[in-house]
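This is what each chain is made of:
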Amino acid sequence: MHCSQSVWQISVGALLAFFLGCNDPPKPPRQPTPLDLSTVGTISGGIHFEGPVPEQSVLQLGGWSECAAQHEGTVYAGDVLVTNGGLQNALVYIKDGLNERVFAVPEEPVESDQKGCIFLPRIMAIRVDQPIRYLNSDPMAHNVHGLPHNSSHWNFSLGLKGTSRILSIDTEEVGIEVKCDIHGWMRSYLGVFDHPYFALSDQDGTFRLHNVPPGEYTIAAWHERFGTRSQEIALSEKGEAKVTLTFQSDAPQE
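Residues numbered from 1 in each chain as written. Predicted model: local features only at pLDDT ≥ 70, side-chain atom pairs only at ≥ 80, totals over all residues. Heavy atoms only, no water.

Trainee: A description of the pairing of strand 13 (residues 173–179) should follow, citing residues and the corresponding values.
Mentor: When a strand is regular, its side chains alternate between the sheet's two faces. Looking at chain direction, strand 10 (residues 142–147) and strand 13 are connected through three bridges and run antiparallel. When the sheet's bridge partners are listed, Leu 147 is paired in strand 13 with Glu 177. Strand direction decides the pairing type here: strand 13 and strand 14 (residues 187–193), joined by five bridges, are antiparallel. Looking across to strand 14, one finds that Ile 176 is bridged to Leu 190. (Pairing = 2+ DSSP bridges. Helix = DSSP H or I, 4+ residues; strand = E, 2+ residues; numbered from the N terminus.)

Set out below in C-alpha cells:
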C-alpha cells in the first residue's frame, strides 16, 4: 500500500497515524497483455436471494447530534437490499481463469466520501495500485482506518471539511473493512482487483462484465452480510456466458 506524495490536504493539527509506504520507490510501468477485441465476449447474469429477507442494520446516530441533524428519521445501513429476489451491491468478479494476463492500471482516482457521517459509497471496487481518494465532506473530524488482511493497515485523520488523502493498495483482496473509529457505525467495504472484470450488482441483482477474453473462469460474488458464492463457466469467442448466483441468509458461506 502506498500513499500519495503530492495530494495530501491535511489541516494543521490533524493527527496522522499513517506512515506506511510514503518513501517506496515508484513501480516500473506494467506491460499489458495484448487483448484481441475481435474475440472478446460478455459474462452476465443475476445475483438472487432466497428465503426471508433479513432487516437492514439501523445506524445509531443518536449520541452524535451533529450527525443525526443531517438525516430525517431512521437511517439504515443499506447492507441488505433485495428487490423482487434480486440482491443489490454484491461484488461480482472473475476469481480465477485469467492466468498470467497483465492489465494497465487506471490513473484516475476512485473517490470515497465521508458525508452525513456515512461512507459513500458503502461498497467500492478499485484496481491494484489505482489511486483511491478519501474525502471528508462533513463539518466535523473523521478518520479512515483500513483493515486489510493481505497488505498493511492504514489509519489517518481527516480533521476538517474538505480535507482528503490519496493512497493505493498493492495487493488483491475482497471485502476489506474500512471504518471511522470516531463514529463506530461508519463502515465501508473495498474490493481490490488486479484486472478490470468486476461489477456491483444493480438494484434488480443483474450485472455484466464486458470485453472478457474467451476461456474458462470461476465467477464469484461477495456480499458483506452473506459471504461468497462462486460458479465455473466457459466463455466462447464473441460469446455471452450466463451466471446465476444465489444467496440465502441461513446458508453457510464459502
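Trainee: Please provide a residue-by-residue account of unusual backbone geometry, values included.
Mentor: For the peptide bond that leads from Leu 120 to Pro 121, omega is -5°, which places it in the cis range. Within the secondary structure, Pro 121 is located in the loop between strand 7 (118–120) and strand 8 (123–127). The backbone of Cys 117 sits at a positive phi, close to 60°, despite the residue not being glycine. Relative to the helices and strands, Cys 117 is located in the loop between strand 6 (110–115) and strand 7. Given a relative accessible area of 0%, Cys 117 falls into the buried group. Not every positive phi belongs to a glycine, and Asp 129 is a case in point at roughly 70°. Relative to the assigned elements, Asp 129 resides in the loop between strand 8 and strand 9 (132–136). (Buried < 20%, exposed > 50% of the residue type's maximum accessible area, 1.4 Å probe, protein only.)

Trainee: Quick rundown of the confidence of the model for the chain? Include the residues and the values.
Mentor: For the chain, mean pLDDT is 90; residues scoring 70 or higher make up 87% of the total. Below pLDDT 50 for its whole length, residues 4–23 participates in 44 contacts with residues either more than four positions away or in separate chains. (pLDDT = per-residue confidence, 0-100. Contact = heavy atoms within 4.5 Å.)

Trainee: Explain the nonpolar core residue by residue, including any values.
Mentor: Ranked by internal contacts, the top residues of the largest apolar core, which has 26 residues, are Tyr 134, Trp 154 and Leu 190. For this core, the elements supplying multiple residues, two or more each, are strand 8, strand 9, strand 11 (154–158), strand 13 and strand 14. Residues within four places of Tyr 134 in sequence aside, it is in contact with Ser 112, Phe 119, Val 144, Trp 154, Phe 156, Leu 158, Thr 163, Ser 164, Arg 165, Leu 167, Val 178 and Leu 190. One finds Leu 87, Phe 103, Phe 207 and Ile 233 within the second-largest nonpolar core, a separate group that totals 25 residues. (Core = buried A, V, L, I, M, F, W, Y, C linked by side-chain atoms within 4.5 Å.)

Trainee: An account of the sheet that holds strand 17 (residues 215–223) is needed here, citing residue identities and associated values.
Mentor: Across the sheet, which stays open at both edges, the four strands sit in the order 15-5-17-18 with antiparallel pairing between neighbours. Only two strands of the sheet have a single neighbouring strand rather than two, namely strand 15 (198–200) and strand 18 (227–235). For this sheet the average axis-to-axis angle between neighbouring strands, irrespective of direction, equals 25°. Two elements, strand 17 and strand 18, share nine bridges in a ladder whose sense is antiparallel. For His 223, the partnering residue across the bridge sits in strand 18 and is Gly 227. (Axes fitted to C-alpha atoms, helices over the stretch in contact; angles between N-to-C directions.)

Trainee: So what about the side chain of His 183? Which residues, and what values?
Mentor: Within the secondary structure, His 183 sits in the loop between strand 13 and strand 14. At 3.1 Å, the side chain of His 183 forms a polar contact with the side chain of His 142. Excluding residues within four positions of it along the chain, His 183 makes contact with Trp 64, Cys 67, Met 140, Ala 141 and His 142. (Polar contact = N/O pair within 3.5 Å; in protein donor to acceptor, adjacent residues only side chain to side chain.)

Trainee: Before we move on, can you summarise the pattern of salt bridges with the specific residues and values?
Mentor: One pass over the full model with this rule turns up seven salt bridges. Asp 79 is paired through a salt bridge with Arg 225; the nearest N and O atoms lie 3.0 Å apart. With Asp 79 in the loop between helix 1 (65–68) and strand 3 (82–83) and Arg 225 in the loop between strand 17 and strand 18, this pair connects stretches of sequence that are 146 residues apart. A relative accessible area of 31% means that Arg 225 is categorised as partly exposed. A salt bridge links Lys 179 to Asp 181, with the nearest nitrogen and oxygen atoms 3.8 Å apart. Residues participating in the shared-partner salt-bridge network are Arg 208, Glu 240 and Lys 242. (Salt bridge = Lys/Arg side-chain N within 4 Å of Asp/Glu carboxyl O.)

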